[in-house]
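The lines below spell out each chain.
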Amino acid sequence: MQLKLSASQLPFASFLLIAPFFLWGTAMVAMKGVIPHTTPLFMAGVRLIPAGVLILIAAAFMGKPQPKGQAAWLWIALFALVDGTLFQGFLAEGLVRTSAGLGSVMIDSQPLAVALLSLWLFQEHIGFWGWLGLGLGVAGISLIGLPDEWILHFFNSGANITIGNWQDLFASGEGLMLLAALSMAVGTVLIRFVCRHADPVSATGWHMILGGLPLWGISSVVESQQWENLGGSDLVALGYATVFGSAIAYGLFFYFASSGSLTSLSSLTFLTPVFALLFGNLFLSEVLSSLQWVGVFLTLISIYLINQRDTLAGQNNVTVTVGEIANIQQPISEASAKKLNPLTLAVRESKTEILP
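Residues numbered from 1 in each chain as written. Predicted model: local features only at pLDDT ≥ 70, side-chain atom pairs only at ≥ 80, totals over all residues. Heavy atoms only, no water.

A separate point is the packing of helix H3 (residues 70-97) against helix H10 (residues 200-222). Relative to each other, H3 and H10 sit at 55°, their axes nearing to 7 Å. When the interaxial angle is binned, H3 and H10 end up oblique. Crossing of H3 against H10: the hand is right-handed. Judged by residue contacts, Trp-73, Ile-76, Phe-79, Ala-80, Asp-83, Gly-84, Thr-85, Gln-88 and Gly-89 of H3 engage Ala-203, Trp-206, His-207, Leu-210, Gly-211, Pro-214 and Leu-215 from H10. (Axes fitted to C-alpha atoms, helices over the stretch in contact; angles between N-to-C directions. Helix = DSSP H or I, 4+ residues; strand = E, 2+ residues; numbered from the N terminus. Parallel < 35°, antiparallel > 145°, perpendicular 65-115°, else oblique. Left-handed = near helix turned anticlockwise from the far one by under 90°. Contact = heavy atoms within 4.5 Å.)

As structure tokens, then:
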């Protein structure tokens, strides 16, 4: 990815780029034991509102400006509705109604939607290697998340697997996870427009607060016993998911999404189920099958192909900015004034000659 960072910061920047997806994956592991003890919309609000407050406190310490003007608040409100209320609401309800594997495949397929939106809105170059990487990424997370018997049945008897009609799809939660993926993809693109009117860090904090309040409002009407069954370990898991899985992860993600390639950044979402599986294996003794290990391998290849697509396509042209040209010309002109005589070159057009 192209980022506004100096060369001396690159190793640290690489760690920060991966951090949101590491934190999301580990937060999913932490939340597995909490879901049966609370309600989905309340849990979604917990992941947003306290995290938004923490981000605003951090923005104040960093000296980030607060949003000003009607246009800034309108974009933040739209951002909050799509990426806050809709995304977290669909995600929380979908997690209750779907299997973890199939749900993760659907939610982590959103880089495809981000790539299409970025191509349409910002003319981001994707190319052959980028599309190949996206395809391998979807294949990889499918091997990670889908049941092995589904995959084996697909290869043995062809694509005759049926999940039921569309009503069953939405009732079981897969449709909700798909809507969550689309909401996150639109939210990732919206941050570019938000940042034209507001600081990305401050905007992220406010969108989490404004997006979480409707979730708590709906939860107070349609849900009950939101916190009565929560134990000490549940509170620790909620704290981790809020501070690390929301505040830090979303702050970093939308900061990077405000500049650079959205397709490249979004492709790293494929890492989320990989981290979730690995840490589920480490802490919950979940065993990875052979097909899941193949999925992990394909996912890593896909991320490499997407982020190195220009290099693989041979587009390594060096871009020199106007400021860099000015910095180069200044010492040359000073040196020529002191040591070199003026030199005039005559340039004329000539026909191509073929030497014997």
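Now that the structure has been shown, the text picks up again.
Residues Phe-21, Trp-24, Phe-253, Phe-254, Leu-265 and Leu-268 are the most contacted members of the largest nonpolar core, which totals 52 residues. It is helix H9 (residues 174-194) that contributes the most residues to this core, nine residues altogether. Counting residues in hydrophobic clusters, the runner-up holds 10 residues, among them Met-31, Phe-42, Leu-230 and Ala-241. (Core = buried A, V, L, I, M, F, W, Y, C linked by side-chain atoms within 4.5 Å. Buried < 20%, exposed > 50% of the residue type's maximum accessible area, 1.4 Å probe, protein only.)

Bringing the packing of aromatic side chains into the picture now. Applying the stated criterion to the full structure yields 13 aromatic pairs. For the pair Phe-79 and Phe-254, a centre-to-centre distance of 5.0 Å together with 90° between the ring planes defines the contact as edge-to-face. Of this pair, Phe-79 sits in helix H3 while Phe-254 sits in helix H11 (residues 232-257), placing them 175 residues apart in sequence. Phe-254 carries the same exposure label as Phe-79, and that label is buried. Grouped by ring-pair contacts, the aromatic residues Phe-21, Trp-24, Phe-79, Tyr-250, Phe-253 and Phe-254 constitute a single cluster. (Phe/Tyr/Trp six-rings, centres within 6.5 Å; stacked < 30°, edge-to-face > 60°.)

What follows deals with H11. Between its first and last C-alpha atoms H11 spans 35 Å; for 26 residues at 1.5 Å apiece the expected length is 38 Å, and the two agree. The sharpest bend along H11 reaches about 30° and sits at Ala-249. (Expected span 1.5 Å × (residues − 1). Bend = angle between axes of the 7 residues up to and from the residue.)

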